[in-house]
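Below, each chain spelled out in residue letters.
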Amino acid sequence: MAPQSSQAPLEFGGPLGAAVLLLLLPATMIHLLLVARSGPARLLGPPPYLPGLEALWSPRALLLLLGWLGLQAALYLLPARQVAEGQELKDKSRLRYPINGFQALVLTALLVVLGLAAGLPLRALPDMLLPLAFAATLTAFVFSLLLYLKAQAAPASALAPGGKSGNPIYDFFLGRELNPRIYSFDFKYFCELRPGLIGWVLINLALLLQEAELRGSPSLAMWLVNGFQLLYVADALWNEEAVLTTMDITHDGFGFMLAFGDLAWVPFTYSLQAQFLLHHPQPLGLPMASAICLLNAVGYYIFRGANSQKNTFRKNPSDPRVADLETIPTATGRRLLVSGWWGMVRHPNYLGDLLMALAWSLPCGLSHLLPYFYIIYFTALLVHREARDERQCLQKYGRAWLEYCRRVPHRIVPYVY
Ligand SMILES: NC(=O)C1=CN([C@@H]2O[C@H](COP(=O)(O)OP(=O)(O)OC[C@H]3O[C@@H](n4cnc5c(N)ncnc54)[C@H](OP(=O)(O)O)[C@@H]3O)[C@@H](O)[C@H]2O)C=CC1
Ligand SMILES: CC(C)CCC[C@@H](C)[C@H]1CC=C2C3=C(CC[C@@]21C)[C@@]1(C)CC[C@H](O)C[C@@H]1CC3
C-alpha cells in the first residue's frame, strides 16, 4: 500500500526503528529481570545466563496474567463515581470514560488483604517474574496484532495521525486506531492506567513480603521504594481524568508500543528498584532516608502542582485558583499559561517527575548503576516526549507557541535545558 498523503512525519526512526524497538524493548526487559537477581547486578554487562524456553514459558504464568487482566477488566466495568468526556474527535464527537481507577486500586487492595488472610502465597510472585514478563510480552504481541487487524475495518476518521503510514511494521508498532473500543470498553484507556500500574505496586508488595520472610523484616530502603511508588500510582488513579488529555490518548494509536509499555514494561521494569533491593540489601540511615523523602516530596509537589494547575485551567480558565495567572491567547481560542508553574519552564511536570525518579533510586545506594536504569530511561523518554509535544503544539498554536517559547525559554530544567 502506498503511503497516504495525510501521513504525519515518521517517528521513532521509521519502520527500521520500529522493527528494532519491537525486539529491543522485550530483550531489555528480560535482561533487567535477569541482572537484578544476579550477584554482580551489572546494567551494562552481559546477562548472567541466557534463559531457555523452559525458564520463560509457563502456562501457569499465562493463566495468572490473563486472570489479572480479567479481574481489572471486571473492576473497570463496575459502576463509576463519574463519567468523563474525552477531547473532541475529528468528527466533533466526544467519547465517554468511566472514572473508577482509584476504586479499582482500593478493591484490588481489599482482595489482596483478604487473599493474604486466606493464605494467598503472594511472596511466591517474585520467583515468577521472568515467566510472567514473558507471558505479558506474548499477550502484548497477540493483542497488538488483533488491534491491527481490527483497525483494517475502521473508518479513516478513526485512525491515529501517525498510524497510517502503510508500512505494516511501523503501523503495528505505533498503533493504527486512535480509540479502539468494543461497545463502551476502551482498550487503550483501560490499559494505560490499570493492569500495569496496579500490577507494579502488587509486584513491589510481593518483593517487600519476600524480603520480610528472608530477613525478618523489610528494609527501610524497601519501605521507601514501595511507599514512593504507591503514592505515584495512587495519585495517577486518583487523577485519572487527567490522562484523557495526554498525547497517548489524544494523539497516539493503540499498538505494540503502548500495549507492551502498559502491560509488560511498566510492571516489570518500573519495579526494578524493589527487585534489586530484594537481592542486594542496602544499608540506609535515617538522615539519608529523610533527605530522600524530602526530595520525593519536592518532586511530587512540583509534579502535582503543575499538572493540577494546567488541568484546572483547561477545565475552567475562570477558576479562582488560576484566574489571576498571566496567559497568551492563541488563534484556537485556547490560551497558554505563561506564569505560575508553566512560566518557570515549559514542562514543569516533567521536572517534578524526574526528581521523584531520582528519589526512587537513591535508597538503592550508589554501588550499582542498575537501580538508576529508570531515571536514565525516563530522562530519554521525557526529552523525546517533550520534543514530540513541542512539534504538536507548534502545529496547533503556531505563532502563539513561538511567543511562549520566547517568554519561557527553558524546557524542563530552569536555566539548564
Ligand atoms: N512515569 C511515566 O512513565 C510517564 C509519566 N508521564 C507523566 O504524565 C504527565 C502527563 O504528561 P504528558 O502527557 O507528556 O504531557 P503534559 O501533561 O505536559 O501535557 C502537554 C500538553 O499541555 C498543554 N500545554 C503545554 N503548555 C501549556 C501551557 N503553557 N499552558 C496550558 N497548556 C499547556 C498542551 O496541550 P493543550 O494545549 O492541547 O491542552 C500540551 O500538548 C506528566 O506529569 C508526565 O511527567 C508521562 C509519560 C510517562
Ligand atoms: C515501551 C516504551 C519504552 C514506551 C512505553 C511508554 C509507556 C510506559 C508510558 C507512555 C505514557 C505513560 C504514562 C504513564 C505511565 C507510563 C506510560 C504508559 C502515566 C500513567 C504514569 C502516571 C502519571 O501520573 C500519568 C502518566 C501518563 C502517561
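Here the structure is a predicted model, which means the values were calculated and not measured. (Residues numbered from 1 in each chain as written. Chains lettered and ligands numbered in written order. Predicted model: local features only at pLDDT ≥ 70, side-chain atom pairs only at ≥ 80, totals over all residues.)

(A) Focus on the overall build of the chain. When you go through the chain residue by residue, the secondary structure sums to 16 helices and six strands. Relative to the 2.2 N^0.38 estimate, which gives 22 Å for 417 residues, the radius of gyration of the chain is 22 Å and therefore close to what a compact globule would have. Along the longest, intermediate and shortest principal axes, the C-alpha atoms of the chain span 60 × 50 × 45 Å. The buried share of the chain, reckoned over its 417 residues, is 39%. Counted over contacts in the chain with a minimum sequence separation of 6, partners at least 24 positions apart contribute 77%. (Helix = DSSP H or I, 4+ residues; strand = E, 2+ residues; numbered from the N terminus. Rg over C-alpha atoms; globule rule 2.2 N^0.38 Å. Buried ≥ 20, exposed ≤ 12 C-beta atoms within 10 Å, placed from the backbone. Contact = placed C-beta atoms within 7 Å.)

(B) Fine view of the domain arrangement of the chain. Each assigned domain of the chain is listed with its residue range as follows: domain 1 (12–43 + 57–82 + 96–281) and domain 2 (284–417). Taken together, the 24 residues of domain 1 in the interface contact 24 residues of domain 2. Of all the elements, helix α9 (residues 220–238) adds the most residues to the side of domain 1 that touches domain 2, at nine residues. Classifying every residue of the side of domain 1 that touches domain 2 by side-chain character gives 18 nonpolar, five polar and one charged. (Domains from an automatic or database assignment. Nonpolar A, V, L, I, M, F, W, Y, C, P; charged D, E, K, R; others polar.)

(C) View of the UniProt feature "transmembrane region" (unreviewed entry) in the chain. When the UniProt feature table is mapped to this numbering, "transmembrane region" (unreviewed entry) covers residues 12–36, 56–78, 99–122, 128–149, 253–272, 284–303 and 354–383. Secondary structure content for residues 99–122 is 71% helix and 0% strand, while the C-alpha to C-alpha distance between its ends is 28 Å. Across residues 128–149 one finds 95% helix and 0% strand; the C-alpha atoms that close the span lie 32 Å apart. (UniProt positions renumbered as here; feature names shortened; annotations may be inferred.)

(D) Here's a closer look at the site of ligand 2. Residues in close proximity to ligand 2 total 13 residues, the closest being Ala236, Thr246, Asp248, Gly261 and Trp265. Contributing elements (two or more residues each) for the shell around ligand 2: α7 (187–193) and α11 (256–269). With six residues, the top contributor of residues to the shell around ligand 2 is α11. Class assignment of the residues belonging to the shell around ligand 2 gives a composition of eight nonpolar, two polar and three charged. (Near = placed C-beta within 6 Å.)

(E) Up close: unusual backbone geometry. Located in the positive-phi region is Lys92, a residue other than glycine, with phi close to 75°. In this fold, Lys92 is placed in the loop between β1 (83–85) and β2 (96–98). C-beta crowding within 10 Å serves as the criterion here: with 6 such atoms nearby, Lys92 is assigned to the exposed category. Of note in this structure, Tyr183 is not a glycine but carries a positive phi near 50°. Position of Tyr183 among the secondary structure elements: in the loop between β3 (181–182) and β4 (185–186).

(F) Here's a closer look at the environment of Ser271. Looking at the secondary structure, you find Ser271 in the loop between α11 and α12 (272–279). In sequence terms Ser271 and Pro348 are 77 residues apart; their C-alpha atoms lie 25 Å from each other. Not counting residues up to four positions away in its chain, the partners in contact with Ser271 are Trp200, Ile203, Asn204 and Leu207.

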